[in-house]
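# Fold and contact review
What follows is each chain in one-letter form.
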Amino acid sequence: MGATDRDILAYLGYPEATLLGAGGEACVYALDDARVVRILRAGAVVAAAEQRASLMAEIKTGARHLTFQVPSVDRVETLNGRVFSIEPRLFGQPVSQLLGSVSGTERTKLLNDYLDTAGQIKTISVDRPGYGPLLGGQGLHTTDWTGFLRVRLERSLACCPADLRPAVAAMRHLELPEPFRPALVHMDYFPANVLAHGSTVSAVLDFGASTIKGDSRMEAWSAVAYLDREISPEVTDTDRALAMGWLAEHNLTAHYPNARRWLAAYWSFATDDLALMAWCRRILDSR
Ligand SMILES: Nc1ncnc2c1ncn2[C@@H]1O[C@H](COP(=O)(O)OP(=O)(O)O)[C@@H](O)[C@H]1O
Ligand SMILES: [Mg+2]
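Presented here is a report on the structure given in the accompanying data block. Remember, it's a predicted structure, so these values are computed and weren't measured experimentally.

## Quick notes on the pattern of salt bridges
For side chains bearing opposite charge, pairing can occur when the charged atoms are close. Tallied over the full model, the rule gives 15 salt bridges. Its salt-bridge partner being Arg-52, residue Glu-87 comes within 2.8 Å of it at the nearest N-O pair. On the criterion of sequence distance, the pair formed by Glu-87 in strand S5 (residues 82–88) and Arg-52 in helix H2 (residues 46–62) is long-range, its members being 35 residues apart. Residue Arg-52 is classed as buried on the basis of its relative accessible area, which comes to 13%. With a shortest N-O distance of 2.7 Å, Arg-75 and Glu-77 are connected by a salt bridge.

Here's what the structure looks like:
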């Protein structure tokens, strides 16, 4: 029997720590104003936590010039086989939560800052050749973006629900432009992974499993696509119209529908996230 989350919190001296968020890979608890503990799901291995920690260090170095914070890891530990890490607590409230309450010009400013910040992720320099994931992803590293889009799609196709297979397979023929050079793309940049204070983004969380070297435009396309109602129920049609206007201002409208289709095919592997699967189904079904 491994340790439970409560065992770990008691061991750390914070038995009453509050849960900040629970995702597929980990639960995050606030220890105090300055630190959180990220407790990985049972079965996670130390090596994976250490690889993530070193990627976070690399990203933090590459993001020194930016005004928002990014995650980092103070230390990785285990208790009876459970792996956890102690990390600085980042300032702010999830944008998903804020969008449930703010209105008027503050809301407009928050949405614009969410979008502009997505546009800044590409300036985080991480020195890797070519295209592909930054964590693991054996067989997914390519010299061209189109090659990455193809091999990554095959991975999703191999584990998506059977009824989605034809629609995902059809994305093999999707055309997206080739960028001039690879850039860091978070790929999971959506309101729950972005913290803000008032209407200013203060931190971007959850770099990792999805993060790639890719086409920086994909960050902008995904930041807008993830405002769709299944993924971001707190976002209104007016907000989505603002986001489409932002894409137009940045000359990013033309390939948006195809980029969103590829993203829906990509996420079709995430079968345990029902909201995300509902989005994948709708986007892949629409023609
Ligand atoms: N370093 C941190 N500081 C403050 N809050 C955090 C921190 N890390 C995570 N959180 C909170 O926990 C939630 C889940 O963490 P996240 O890193 O997004 O992992 P996942 O979504 O994979 O569970 C976030 O939405 C955020 O509210
Ligand atoms: Mg998250």
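## As for the coordination of the magnesium ion (ligand 2)
Distances from the magnesium ion (ligand 2) to its protein donors, namely Asn-193 (OD1) and Asp-206 (OD), fall within the range 2.1 to 2.2 Å. Remark: Asp-206 occurs in the loop between strand S10 (200–204) and strand S11 (212–214) and Asn-193 occurs in the loop between strand S8 (183–185) and strand S9 (194–197); sequence separation between them is 13 residues. On the basis of relative accessibility, which here comes to 7%, the residue Asn-193 falls in the buried class.

## Here we look at the sheet that holds S8
Taken together, the three strands give an open sheet; going across it, the order is S7-S11-S8, and neighbouring strands pair in antiparallel fashion. The two strands at the open ends of the sheet, each matched to only one other strand, are strand S7 (132–133) and S8. Here two bridges tie S7 to S11, and the two strands are oriented antiparallel to one another. Residue Gly-132 lies in a different strand from S11, and its bridge partner there is Lys-213.

## As for the packing of helix H7 (residues 217–225) against helix H8 (residues 237–249)
Taken N-terminus to C-terminus, the directions of H7 and H8 make an angle of 165°; their axes are 10 Å apart at the nearest point. By the criterion of interaxial angle, the relationship of H7 to H8 is roughly antiparallel. H7 and H8 meet at a crossing whose hand is left-handed. Every residue of H8 that contacts H7 at Ala-220, Trp-221 and Val-224 is listed here: Ala-243, Met-244, Trp-246 and Leu-247. The residue inventory of the contact of H7 with H8, partitioned by class, reads seven nonpolar, no polar and no charged.

## Some details on the site of ligand 1
The full set close to ligand 1 counts 16 residues, and Arg-38, Pro-88, Leu-90, Asn-193 and Asp-206 are the nearest of them. With respect to ligand 1, the backbone of Gly-23 contributes an N or O atom lying 3.1 Å from an oxygen atom. The side chain of Asp-206 places a nitrogen or oxygen atom 2.8 Å from an oxygen atom of ligand 1. Across the complex, the protein chains shield 87% of the 540 Å² of accessible surface that ligand 1 would expose by itself. If you list the elements that add at least two residues to the shell around ligand 1, you get strand S1 (18–22), strand S2 (26–30) and strand S3 (35–40). Considering each element in turn, the shell around ligand 1 owes the most residues, three residues, to S1. Grouping the constituent residues of the shell around ligand 1 by class yields 10 nonpolar, three polar and three charged. A domain-level breakdown of the shell around ligand 1 finds at least three residues from each of domain 1 (5–88) and domain 2 (93–285).

Cut-offs applied
- Residues numbered from 1 in each chain as written.
- Chains lettered and ligands numbered in written order.
- Predicted model: local features only at pLDDT ≥ 70, side-chain atom pairs only at ≥ 80, totals over all residues.
- Heavy atoms only, no water.
- Salt bridge = Lys/Arg side-chain N within 4 Å of Asp/Glu carboxyl O.
- Helix = DSSP H or I, 4+ residues; strand = E, 2+ residues; numbered from the N terminus.
- Buried < 20%, exposed > 50% of the residue type's maximum accessible area, 1.4 Å probe, protein only.
- Donors = N, O, S within 2.8 Å, 3.2 Å for Na, K, Ca; no water.
- Pairing = 2+ DSSP bridges.
- Axes fitted to C-alpha atoms, helices over the stretch in contact; angles between N-to-C directions.
- Parallel < 35°, antiparallel > 145°, perpendicular 65-115°, else oblique.
- Left-handed = near helix turned anticlockwise from the far one by under 90°.
- Contact = heavy atoms within 4.5 Å.
- Nonpolar A, V, L, I, M, F, W, Y, C, P; charged D, E, K, R; others polar.
- Near = heavy atom within 4 Å.
- Polar contact = N/O pair within 3.5 Å; in protein donor to acceptor, adjacent residues only side chain to side chain.
- Areas by Shrake-Rupley, 256 points an atom, 1.4 Å probe, with all protein chains shown as cover.
- Domains from an automatic or database assignment.

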